[in-house]
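Given next are the chains, with one letter for each unit.
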Amino acid sequence: QVQVVESGGGLVQAGGSLRLSCAASGRTSSRYTMAWFRQAPGKEREFVAAISWSSGTTPYADSVKGRFTISRDNAKNTMYLQMNSLKPEDTAVYVCAADLRFWTAPNMAVPRNYAYWGQGTQVTVSS
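Everything numeric here is computed off the predicted structure, so don't read it as measured data.

What counts as what
- Going along each chain's sequence as written, the residues are numbered from 1 onward.
- Restriction of local features to residues with pLDDT of at least 70 applies here, the model being predicted, together with a cutoff of 80 or more for giving and counting side-chain atom pairs; totals for whole chains, interfaces and linings are based on all residues.
- Values shown for side chains rest on all heavy atoms present in the structure; no hydrogens or waters enter the calculation.
- The numbering of helices and of strands both runs from the N terminus, where a helix is a DSSP run of H or I of at least 4 residues and a strand a run of E of at least 2.
- Only heavy atoms enter the contact rule, under which two residues are in contact if any of them lie within 4.5 Å.
- Each nonpolar core is a collection of buried residues, namely Ala, Val, Leu, Ile, Met, Phe, Trp, Tyr and Cys, held together in the definition by side-chain atoms within 4.5 Å.
- Three labels apply to residues, based on accessible area from a 1.4 Å probe with only protein chains included: buried if under 20% of the type maximum, exposed if over 50%, partly exposed otherwise in between.
- Each reported salt bridge corresponds to a side-chain nitrogen of Lys or Arg within 4 Å of a carboxyl oxygen of Asp or Glu.

1. A look at the side chain of arginine 38
Link 1 in the chain: Looking at the secondary structure, you find arginine 38 in strand S4 (residues 33–39).
Link 2 in the chain: When residues no more than four places from it in sequence are discounted, the contact partners of arginine 38 are Glu44, Arg45, Glu46, Val48, Ser63, Val64, Phe68, Glu89, Asp90, Ala92, Val93 and Tyr94.

Here it is, written out as structure tokens:
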């Protein structure tokens, strides 16, 4: 069984920064594709960014390009999301997802392609 746990959310003013972390455990020798999704109240789950095991493929949603950076440390089985220039519209629960399969960039943005999900961490950006 694989578990993924997010941390690092919080309250920040517009223009500020936060860094989210997602740690995967349970099959530490596996090569995970990992991703961040977010869901705001009353809205559908939205893709944010994803990263392949080699870090060679990192698709982003247009809404976060140039502001967010995804990275990972495979030795720690941990993924990060550095969020800069935050806007009130970035307010949401950010959820980490992982999967053991290899996906091409377009498929990395599809929620049903991920088998393992965290509980989420709240990010609130005040204006």
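2. Thoughts on the nonpolar core
Link 1 in the chain: Counting residues in each nonpolar core, the largest one holds 37 residues, and the members touching the most others are Met34, Trp36, Leu81, Met83 and Tyr94.
Link 2 in the chain: Going through the elements one at a time, strand S3 (18–25), S4, strand S5 (46–51), strand S6 (68–73), strand S7 (78–83), strand S8 (92–99) and strand S10 (121–126) are the ones with two or more residues in this core.
Link 3 in the chain: Dropping the residues within four chain positions of it, leucine 81 is found in contact with Leu18, Arg19, Leu20, Trp36, Val48, Ala49, Phe68, Thr69, Ile70 and Tyr94.

3. Looking at the pattern of salt bridges
Link 1 in the chain: Following the criterion strictly, the structure yields five salt bridges and no others.
Link 2 in the chain: Residue glutamate 46 pairs with arginine 38 through a salt bridge whose shortest N-O separation is 2.8 Å.
Link 3 in the chain: Classification of glutamate 46 as partly exposed rests on a relative accessible area of 33%.
Link 4 in the chain: In this structure, aspartate 62 and lysine 65 form a salt bridge, with 3.2 Å as the shortest nitrogen-oxygen distance.
Link 5 in the chain: According to the relative accessible area criterion, aspartate 62 is exposed, its value standing at 66%.
Link 6 in the chain: Through salt bridges that share partners, Arg38, Glu46, Arg67 and Asp90 make up one connected network.

By themselves, these observations are geometric and do not establish any function.
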